[in-house]
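The primary structure of each chain is shown beneath.
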Amino acid sequence: MHTFAAAGAAFLICVVWFDLMFDVQVRGHDGDSVPASALASISGYYRRVTREAWPMNRLIAVVMLLTVLVIVLEIVFGLYHWWIGWISLVAAVTAIGLARVRTIPNASRLGKSSDSPEEQSRLARAIYKDHLYCLAAMTLVLVLQLSAHGRHSRHKEVPVRATPQSAVL
């Protein structure tokens, strides 16, 4: 199961990475409004991914749900040390919850480009900070899930006894 959770986390890390390639344009403009060219670039990106990318943008929601479901199943079946599942679950749910409750609505609103430049700057900065958290949280999930297999597994492999050569002949 860790393979599916790790794949889901890796996919979501890639999505956040692409978002961050636009989000980083807010850096260096802390007290001021973000320059109009950067806001246009960021809002254009979020218009495409939140409004114009249907049905592909729904795949992200499906992967989010499946990743959480697989982690819950790992916990229920006790496949790995308890802390791997629970920390993975908390990290995934907080990142996905943040995205669902705040980041996606902010990105959708920013994609409309209907607010003042100051409000668009605030939204762009909030999205950037949210994505930094999501990147860290999903990276933690990925590392935990990759480490779950092998030395952290609750179930140890039973070594196969070698058959004496005389029995084979």
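Here the structure is shown first, and the text comes after it.
What comes next is a walk through the structure. (Residues numbered from 1 in each chain as written. Predicted model: local features only at pLDDT ≥ 70, side-chain atom pairs only at ≥ 80, totals over all residues. Heavy atoms only, no water.)

A few words on unusual backbone geometry. Here Trp54 and Pro55 are connected by a cis peptide whose omega angle stands at 5°. Residue placement: Pro55 occurs in the loop between α2 (36–52) and α3 (56–77). The residue Ser113 is not glycine, and still its phi comes out positive at about 55°. Mapped onto the secondary structure, Ser113 falls in the loop between α4 (82–112) and α5 (117–148). In this structure Ser113 comes out as partly exposed when scored by relative accessible area, which is 36%. (Helix = DSSP H or I, 4+ residues; strand = E, 2+ residues; numbered from the N terminus. Buried < 20%, exposed > 50% of the residue type's maximum accessible area, 1.4 Å probe, protein only.)

If you walk through the whole model with that rule in mind, you get five salt bridges. The salt bridge partner of Asp130 is Arg102, with a shortest N-O separation of 2.4 Å. With a gap of 28 residues between them, Asp130 in helix α5 and Arg102 in helix α4 connect regions that are remote in the sequence. Judged by relative accessible area, Asp130 falls into the buried class, the value being 2%. Overall, the relative accessible area of 41% leaves Arg102 in the partly exposed class. For Glu119, the salt bridge identified is with Arg109, shortest N-O distance 3.2 Å. Here Glu119, found in helix α5, pairs with Arg109, found in helix α4; they are 10 residues apart in sequence, far enough to count as distant. On the basis of relative accessibility, which here comes to 33%, the residue Arg109 falls in the partly exposed class. (Salt bridge = Lys/Arg side-chain N within 4 Å of Asp/Glu carboxyl O.)

When you line up the elements, Arg122 lands in helix α5. In the structure, Arg122 is positioned 96 residues away from Val26 in sequence and 9.6 Å away in space, judged by C-alpha atoms.

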